[in-house]
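A closer look at the structure
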Amino acid sequence: MTGTTSASPGMFPNMFPSTPGQLSALSLMPYQAMTQQATRHARRVYVGGLSPTANEQSVAAFFNQVMAAIGGNTAGPGDAVVNVYINHEKMFAFVEMRSVEEASNAMALDGIIFEGAPVKVRRPTDYNPALAATLGPSQPNPNLNLAAVGLTPGSGGVLEGPDRIFVGGIPHFLTEEKIRELLEMFGPLRGFNLVKDRETGNSKGYAFCIYQDLAVTDIACAALNGIKMGDKTLTVRRANQGLTQPRPEQENLLLQAQQQVALQKLAFQMAPLPTKVVCLKQVVSEDELKNDEEFEDIVEDMRCEGEKYGKLVNVIIPRPGPNGESSPGVGKVFLEYADTEGSTKARQGMNGRKFGGREVVAIFYPESKFAQGEYDG
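If you check an unreviewed UniProt entry, the chain appears there as Splicing factor U2af large subunit from Phoenix dactylifera. According to UniProt, the comment filed for the chain under the heading Sequence similarities (unreviewed entry) is "Belongs to the splicing factor SR family." According to the UniProt record, the Subcellular location (unreviewed entry) comment for the chain reads "Nucleus".

What follows is the structure, given as structure tokens:
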């Protein structure tokens, strides 16, 4: 007896999908895989200059965080990074984003600080600009909040290239003017960018610069790197150098540079912060202060001279005691100004000048000691 056998429901559940949705999912899988492969060149970014301690997890976590911070995640909620490959020997990585647009946004992160050093963010060598243009935006979104991660929109330009210098570990009390003054000990700058917090306007503690004379780049890096400033230590190196050591052939040059500017470094790091009070030494002698009339003339002369630099609040010139005994601060002149702008100009203008054949030494004096009448500092 010949008969037919019918398959019972559920015997081959994956052979004939029971719903249209299942059929669509099956048919789309190879297409999605093909699309991912075709767009990978436009979804990957090259990240160079990594530190030796970098790994796949730390790189992925970092770029996920900064992409979210700048508003660069345009493919919806979740992490932007889908894969990371690191070449530990050459200190670079390929970071694969989930979309072409997010990879383009990541290009705005060039120069961002990762594990204490700026990294290069570039397109990989297999990037095809013509093909990529058909897949999505090829430029970063101009509305990215780069300031949220310490970057300045369009700050590349003049500060690009192999001779760009990274300056890290800058104390927050050091003004932009003082930082430039330190850097310009080696020559005029072509470009300078102190990275600041967008909300407060305060320094984030690092900057980038490039010299007009590129030949001084290594000399400046060698001389300034390692300077102690308060509880900070400056890190100064080529921005694309990462944490690598100088080449052997550079060692003599760097050693000479360090020796050549040792005194300049010492003088700069020991320079006190400005106060409103300037102390002038070697201006008057003890004998000149004993006569009342001569003393009044000296006070008036100092007042007239001091007012040339700013709003002068007070002039104090300690005198010997009634019986000619020496008193604290005798021989010094104290000029108190309304602000540090005036005191700074006075210190610069009077230091090294000649008064009565004597070369004046002008220094800032602690305001607290001055207010308490302590003149022997």
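Having seen the model, we can carry on.
**Overview of the packing of aromatic side chains**
Under the definition given, this model contains 13 aromatic pairs. Relative to Phe208, the ring of Phe166 has its centre 5.7 Å away and its plane inclined at 55 degrees; by these criteria the two rings are tilted. On the criterion of sequence distance, the pair formed by Phe166 in strand β7 (residues 165-168) and Phe208 in strand β9 (residues 203-211) is long-range, its members being 42 residues apart. In terms of burial, Phe166 and Phe208 fall into one category: buried. Seen from their ring centres, Phe334 and Tyr375 are 5.1 Å apart, and the 40 degrees between their planes marks the pair as tilted. In this pair, Phe334 sits in strand β15 (residues 333-337) while Tyr375 sits in the segment after α11 (367-371), placing the two residues 41 residues apart along the sequence. Judged by its relative accessible area of 0%, Phe334 falls in the buried class. The positively charged end of Arg44 is found above the aromatic ring belonging to Phe94, 4.4 Å away from the centroid.

**Observations concerning the nonpolar core**
Ranked by size, the top nonpolar core spans 30 residues in total, and within it Val45, Leu50, Val59, Phe63, Val95, Met97 and Leu109 carry the most contacts. Among the secondary structure elements, those contributing two or more residues to this core are β1 (44-48), α2 (56-69), β2 (81-87), β3 (92-97) and α3 (100-106). Take this core: its biggest share by element is 6 residues, from α2. Leu50 has contacts with Val59, Ile86, Met91, Phe92, Ala93, Phe114 and Val119, leaving out every residue within four places of it along the chain.

**A few points about the pattern of salt bridges**
Summed over the entire model, instances satisfying the criterion amount to 14 salt bridges. The partner of Arg43 in a salt bridge is Glu96, with the nearest N and O atoms 2.9 Å apart. Of the two residues, Arg43 is situated in helix α1 (residues 20-43) and Glu96 in strand β3; the sequence distance between them amounts to 53 residues. What makes Arg43 buried here is its relative accessible area of 6%. Overall, Glu96 belongs to the buried group, its relative accessible area being 8%.

**What about the sheet that holds β7?**
With antiparallel pairing, the 4 strands of this open sheet are ordered in space as β8-β9-β7-β12. Looking at the sheet topology across the chains shown, the edges are occupied by β8 (189-196) and β12 (235-238). Neighbour to neighbour, the strand axes of the sheet diverge by 15 degrees on average, direction disregarded. The pairing of β7 with β9 spans 4 bridges and is antiparallel. Looking at β9, one finds that Val167 is bridged to Ala207. Along the sheet, helix α5 (residues 176-183) makes contact with β7, β8 and β9, crossing β8 at roughly 140 degrees. Each of β7, β9 and β12 is contacted by helix α6 (residues 217-224), which is oriented at about 160 degrees to β12, the strand it contacts most.

**Considering the side chain of Glu102**
The topology assignment puts Glu102 in helix α3. For Glu102, the residues in contact, after removing those within four places along its chain, are Met67, Gly72, Asn73, Thr74, Ala75, Ala80 and Met97.

**What to know about the sheet that holds β3**
The sheet built from 4 strands is open, its strands ordered β2-β3-β1-β6 with antiparallel pairing. Strands with a single pairing partner mark the edges of an open sheet, and in this sheet they are β2 and β6 (120-122). Neighbouring strand axes in the sheet, compared pairwise and without regard to direction, differ in orientation by 20 degrees on average. Direction of pairing for β1 relative to β3: antiparallel, over a ladder of 5 bridges. In the sheet register, Tyr46 faces β3, and the bridge partner there is Phe94. Strand contacts of α2: β1, β2, β3 and β6, with the helix running at about 135 degrees to β2, the strand carrying the most contacts.

**Quick notes on unusual backbone geometry**
Phi is positive for Met91, which is not a glycine, with a value near 60 degrees. Among the structural elements, Met91 can be located in the loop between β2 and β3. Met91 gets classed as partly exposed once you look at its relative accessible area, which sits at 24%. If you check the backbone angles, Gln282 has positive phi at about 60 degrees while not being a glycine.

Criteria and cut-off values
Residues numbered from 1 in each chain as written. Predicted model: local features only at pLDDT ≥ 70, side-chain atom pairs only at ≥ 80, totals over all residues. Heavy atoms only, no water. UniProt positions renumbered as here; feature names shortened; annotations may be inferred. Phe/Tyr/Trp six-rings, centres within 6.5 Å; stacked < 30°, edge-to-face > 60°. Helix = DSSP H or I, 4+ residues; strand = E, 2+ residues; numbered from the N terminus. Buried < 20%, exposed > 50% of the residue type's maximum accessible area, 1.4 Å probe, protein only. Lys NZ or Arg CZ within 6 Å of the ring centre and 35° of its normal. Core = buried A, V, L, I, M, F, W, Y, C linked by side-chain atoms within 4.5 Å. Contact = heavy atoms within 4.5 Å. Salt bridge = Lys/Arg side-chain N within 4 Å of Asp/Glu carboxyl O. Pairing = 2+ DSSP bridges. Axes fitted to C-alpha atoms, helices over the stretch in contact; angles between N-to-C directions.

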